[in-house]
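# Coordinate inspection notes
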There are 2 protein chains.
Amino acid sequence: MISAKYLAKKVTIVEVGPRDGLQNEPHIIPTAIKIDFINRLSKTGLKTIEVGSFVSPKRIPQLSDSREVFSGIQKLPDICYSVLVPNVQGMETAVASGVTHIAVITTVSETFSQKNTHCSIAESLKRIEDIIQIAKQHSIPVRAYISCVLGCPYEGEMTIASVVNLAKQLWAMGCYEISLGDTIGVGTAGQAQALVSAVSTEVPIQKIALHFHDTYGQALANIVACLELGVEVIDSSIAGLGGCPYAKGASGNVATEDVLYLLQGLGIETGIDIKALIEVSRFVAEFTGRLPRSKVALAKLGMS
Amino acid sequence: MISAKYLAKKVTIVEVGPRDGLQNEPHIIPTAIKIDFINRLSKTGLKTIEVGSFVSPKRIPQLSDSREVFSGIQKLPDICYSVLVPNVQGMETAVASGVTHIAVITTVSETFSQKNTHCSIAESLKRIEDIIQIAKQHSIPVRAYISCVLGCPYEGEMTIASVVNLAKQLWAMGCYEISLGDTIGVGTAGQAQALVSAVSTEVPIQKIALHFHDTYGQALANIVACLELGVEVIDSSIAGLGGCPYAKGASGNVATEDVLYLLQGLGIETGIDIKALIEVSRFVAEFTGRLPRSKVALAKLGMS
């Protein structure tokens, strides 16, 4: 039951549009527009923005300019600008670039790990260990993503136990937050709640982030079910930026505007100005040449 | 908390696409296509379909052929085909047409009532009383809609007490089910749950239907919050048919496919075949010339 007793008073929205969103967009966005985009996000009240990924340009051309983007954006003192780091090489770039917060990623699906990062889950954990070692030397906090937690495009359903075990290891390795990714958006409310509840036996609920995709329209329902457990961190993407590379025609990350509308309705504080956010949605619609994938943005902007 | 203890084992989906959906579509769909559409819906496992409205053709040209549609469709014995009836004249048409189930509608907003039906709420209840009198003579069960329960385009927020009071009256008048309509889709999960919980003190929870629009993307989240109270009836519209006349660019009723996907994930029985339903979404996309407003349909059909 939704009750103030269980709900967090304050929730942090982690804006992943510039990274997870643009990474899955069909078109490559010019560096200057990315910088303008992030600078506009910085003025909405968002406190955490993932601005790019220091990954091989060959692997993800959409993010090949992340280094320039990171150095080009205006960094407001009270905002955490993080970068995804896939390996030691990327970590060294992060350190050299003066990045203060990083994120690492692994997955609960062995097949997804092989196809997506050409290594086993165990090998990806070793990579993460090496990254964390460098991060510790520079006191850089490390956030961990686990993908496919509610389903894999190759293996189908994942077991709760395997996600719990992986989250427990990443937490023990020193990651400060574990973001649970429903990468293909197949999960429904009961499964999402059961999973987060189970993970919270190994990782404090305040340190678990929800990273849900809206491929099947379930993301907000899943978020509500998990807010009931006391979750305090939600990843989302403005204008629902990002597609789903595993399902043509499917949408990507849940839209920040829609999550914010929900949280405001629940009386949960975020510090974000929804009007300012929707103006950024308008900007995103301009540079993507596509309607926002946010129903709140469409309704407020009267777009169709 | 979502737990089998609270969730219904079986939920009835009331398909309102042919009425509430088409009523708010910009184009008038030919009678033959409407009949084909409803006949296809009849083969999906749906048990209740609202097929039209016996309203003045001047008021709603989109439904001016409801009488022909009702007489033209193939009526399967185990399916309830209902018609919306706005007044005694419409009720007489219903009786003459052999309609077995009807629905009436009122609203909790005085301004909405005046602007939408040119009468006060009290007058609309009098009309409903007259309709029910005729219905009783022919043993026709009457379902009642209350619109604007979570917000009015003119008055803004509505009080829970006023909705409870109206629902109590309609129940006392002999309506067998009270459908709570978030006509402009502004409600969020906490408000929806609080409202349904309050109404359930006057109307049995099994007799309360959720009629949520997805204007702000909140419908499924609101449905989950209310399923936790034991709700057993949900109104939805295939392919999210229907717009929102009060917000340009906004979507209408929550999509039946997305509701069904949620219910299946929760292990709740509906008797509906999602594959068959999605084939009807494809048909709807053809005759509307528009992509389905269902993320499940878009993902399953690979449309974009």
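Before going into details, it helps to say that this report is about the structure given with it. (Residues numbered from 1 in each chain as written. Chains lettered and ligands numbered in written order. Predicted model: local features only at pLDDT ≥ 70, side-chain atom pairs only at ≥ 80, totals over all residues. Heavy atoms only, no water.)

## Quick notes on the overall build of chain A
Here is the rule we go by: Helix numbering and strand numbering both begin at the N terminus, where a helix is a DSSP run of H or I of at least 4 residues and a strand a DSSP run of E of at least 2. Within these notes, the globule rule equals 2.2 Å times the number of residues to the 0.38 power, and the radius of gyration is based on C-alpha atoms. Between buried and exposed lies partly exposed: a residue is buried under 20% and exposed over 50% of the maximum accessible area for its type, with that area taken using a 1.4 Å probe on protein chains only. A 1.4 Å probe and the Shrake-Rupley method give the accessible areas. Residues count as covered only by the protein chains that appear here. The charge count treats Lys and Arg as positive and Asp and Glu as negative. His and the chain ends do not count. A single reference atom marks each charge: NZ on Lys, CZ on Arg, CG on Asp, CD on Glu.
What chain A contains, in helices and strands, is 12 helices and 8 strands. In terms of C-alpha radius of gyration, chain A reaches 18 Å, essentially the compact-globule figure of 19 Å for 304 residues. The dimensions of chain A, computed from C-alpha atoms along their principal axes, are 50 × 45 × 40 Å. For chain A, buried positions account for 61% of its 304 residues. Of the roughly 11,100 Å² of accessible surface on chain A, 53% is carried by carbon and sulfur atoms. Of the side chains in chain A, 26 bear a positive and 28 a negative charge, and the two mean positions are spaced by 2 Å.

## Things to note about helix α11 (residues 274–288) of chain A
Residues and elements named next belong to chain A. Rules: Helix span, expected: 1.5 Å multiplied by one less than the number of residues in the helix. Any two residues whose heavy atoms approach within 4.5 Å at even a single point are treated as in contact. Polar contact is the term for a pair of N or O atoms within 3.5 Å; when the atoms are in protein, one must be able to donate a hydrogen and the other to accept it, and sequence-neighboring residues count only if both atoms are side-chain atoms.
Counted at 1.5 Å a residue, the expected span for α11 with its 15 residues is 21 Å, and the 21 Å between its end C-alpha atoms agrees. Among all positions of α11, only Ile 274, Leu 277, Ile 278, Val 280, Ser 281, Phe 283, Val 284, Ala 285, Phe 287 and Thr 288 are buried. Against the buried residues of α11 lie α1 (17–23), α2 (31–41), α10 (256–265) and α12 (295–301). A side-chain oxygen of the first residue of α11 lies 2.9 Å from the backbone nitrogen of Lys 275; this N-cap is Asp 273. In the segment just after α11, Gly 289 is the residue with positive phi, at about 65°.

## So, the pattern of salt bridges
Our working definition: When a carboxyl oxygen of Asp or Glu is within 4 Å of a side-chain nitrogen of Lys or Arg, the pair counts as a salt bridge.
One pass over the full model with this rule turns up 22 salt bridges over all chains. Notably, a salt bridge pairs Arg143(A) with Glu177(A), separated by 2.7 Å at the nearest N-O pair. Taken together, the residues span a long stretch of sequence, with Arg143(A) in strand β5 (residues 142–147) and Glu177(A) in strand β6 (residues 177–182) at a distance of 34 residues. With respect to class, Arg143(A) is no different from Glu177(A); both count as buried. Asp235(B) is the salt-bridge partner of Arg143(B), the closest N and O atoms lying 2.6 Å from each other. Here the residue Arg143(B) occupies a position in strand β5 (residues 142–147), and Asp235(B) occupies one in strand β8 (residues 233–236), the gap between them amounting to 92 residues. Both residues of the pair, Arg143(B) and Asp235(B), belong to the buried class.

## A short note on the sheet that holds strand β7 (residues 208–212) of chain A
Residues and elements named next belong to chain A. What counts here: When DSSP finds at least two bridges between two strands, those strands are taken to pair. In this analysis an axis means a line fitted to C-alpha atoms, helices contributing only their contacting stretch, and an angle means the value between N-to-C directions, from 0 to 180 degrees.
If you walk around this closed barrel you meet the 8 strands as β1-β2-β3-β4-β5-β6-β7-β8, and the pairing is parallel. For this sheet, the mean inter-axis angle between neighbouring strands, taken without regard to orientation, is 25°. Direction of pairing for β7 relative to strand β8 (residues 233–236): parallel, over a ladder of 3 bridges. Following the sheet pairing, Ala 209 is matched in β8 by Val 233. Of the strands in this sheet, β4 (101–107) and β5 touch helix α6 (residues 121–137), which is tilted by about 170° from β4. Along the sheet face, α10 touches β1 (12–15) and β8 and points at about 175° away from the line of β1.

## Some thoughts on the environment of Phe287(A)
Residues and elements named next belong to chain A. Note on placement: Phe 287 falls in helix α11. Given the relative accessible area of 16%, Phe 287 is considered buried. Note: C-alpha distance between Phe 287 and Ala 103 (184 residues apart in sequence) is 26 Å. The contact partners of Phe 287, leaving out residues within four places of it in the chain, are Leu 22, Ile 29, Ile 33 and Phe 37.

## Here's the deal with the relation of the copies chain A and chain B
For the record, the criterion: A residue counts toward the fit only if its pLDDT is at least 70 in both copies, and the copies are then superposed by least squares on the C-alpha atoms of those residues.
The two copies are related by a screw motion: chain A maps onto chain B through a turn of 180° and a shift of 0.0 Å along the axis, at an RMSD of 0.0 Å. The transformation relating the two chain copies, once decomposed into turn and shift, fits a two-fold axis. Relative to the rotation axis, the C-alpha of Ala221(A) is the closest in chain A, positioned 1.9 Å from it. The overlap is high: 100% of the interface residues of chain A also sit at the interface in chain B, so the same surface is used on both sides.

## What to know about the interface of chain A and chain B
The line we're drawing: Computed with a 1.4 Å rolling probe, the buried area is the accessible surface lost when two parts are put together, summed over both parts. Under the scheme applied, nonpolar residues are Ala, Val, Leu, Ile, Met, Phe, Trp, Tyr, Cys and Pro; charged residues are Asp, Glu, Lys and Arg; polar residues are all the others, including Gly.
In this assembly, 36 residues from chain A lie in contact with 36 residues from chain B. A buried area of about 3,100 Å², summed over both sides, lies between chain A and chain B, and 58% of it is on carbon and sulfur atoms. Between chain A and chain B we count 2 salt bridges in total. Taken together, the connections running from chain A to chain B amount to 6 residue pairs in polar contact (both at pLDDT 80 or more). Contributions of two or more residues to the side of chain A that touches chain B are made by α8 (189–199), α9 (219–227), α10 and α12 of chain A. It is α12(A) that contributes the most residues to the side of chain A that touches chain B, 5 residues altogether. The residue inventory of the side of chain A that touches chain B, partitioned by class, reads 18 nonpolar, 12 polar and 6 charged.

## Details of the state of the cysteines
Rules: Note on terminology: pairs of cysteine sulfur atoms within 2.5 Å are recorded as disulfides.
All told, the structure shown has 0 disulfides over all chains when counted by the stated rule. Left unpaired, Cys148(A) is separated from the closest cysteine sulfur, that of Cys152(A), by 4.7 Å. We classify Cys148(A) as buried; its relative accessible area is 0%. Of all cysteine sulfurs, the one in Cys148(B) lies closest to Cys226(B), which takes part in no disulfide; the gap is 17 Å.

## Examining unusual backbone geometry
Of note in the backbone geometry, Ser139(A) takes a positive phi value of approximately 50° without being a glycine. The topology assignment puts Ser139(A) in the loop between α6 and β5. Given a relative accessible area of 65%, Ser139(A) falls into the exposed group. Unlike most non-glycine residues, Ala239(B) shows phi in positive territory, near 60°. For Ala239(B), the location among the structural elements is in the loop between β8 and α10 (256–265). Judged by relative accessible area, Ala239(B) falls into the buried class, the value being 2%.

## As for the sheet that holds strand β7 (residues 208–212) of chain B
All names here are of chain B. One closed barrel accounts for 8 strands, arranged β1-β2-β3-β4-β5-β6-β7-β8; its pairing is parallel. Going across the sheet, the axis of each strand differs from the next one's by a mean of 25°, ignoring polarity. Pairing between strand β6 (residues 177–182) and β7: 5 bridges, direction parallel. Along β7, the bridge assignment pairs Leu 180 with Leu 210. Each of β6, β7 and β8 is contacted by helix α9 (residues 219–227), which is oriented at about 165° to β7, the strand it contacts most.

## Digging into the pairing of β7(B)
Residues and elements named next belong to chain B. We apply this condition: Handedness of a crossover is defined as follows: orient the strands so they point away from the viewer, and if the path from the first strand over the helix to the second runs clockwise, the crossover is right-handed.
Of all 5 residues that make up β7, 5 are buried, and the element is covered over most of its length. Side chains of β7 alternate between two faces, with Ile 208, Leu 210 and Phe 212 and Ala 209 and His 211 buried alike. With respect to chirality, the unit in which β6 leads through helix α8 (residues 189–199) into the neighbouring parallel β7 is right-handed. Traced from β7 through α9 to β8, the parallel crossover comes out right-handed.

## Some points on the packing of aromatic side chains
The line we're drawing: Two aromatic rings, drawn from Phe, Tyr or Trp (for Trp, its six-membered ring), form a pair once their centres lie within 6.5 Å of each other, and the interplanar angle then sorts them: stacked below 30 degrees, edge-to-face above 60, tilted otherwise. Only when the NZ atom of a Lys or the CZ atom of an Arg is both within 6 Å of the ring centre and within 35 degrees of the ring normal do we say a charge sits over the ring.
The final tally for this structure, using the stated rule, is 8 aromatic pairs over all chains. Relative to Phe287(B), the ring of Phe283(B) has its centre 5.3 Å away and its plane inclined at 70°; by these criteria the two rings are edge-to-face. Of this pair, Phe283(B) and Phe287(B) both sit in helix α11 (residues 274–288), separated by 4 residues, roughly a single helical turn. Taken individually, Phe283(B) and Phe287(B) each receive the classification buried, so the pair is uniform in this respect. Site record: aromatic cluster; members linked through ring pairs are Phe37(A), Phe283(A) and Phe287(A). The aromatic ring of Tyr145(B) is capped on one face by Arg19(B), whose charged end is 5.4 Å from the ring centroid. Its end group placed over the ring of Tyr154(B), Lys115(B) keeps NZ or CZ at 5.1 Å from the ring centre.

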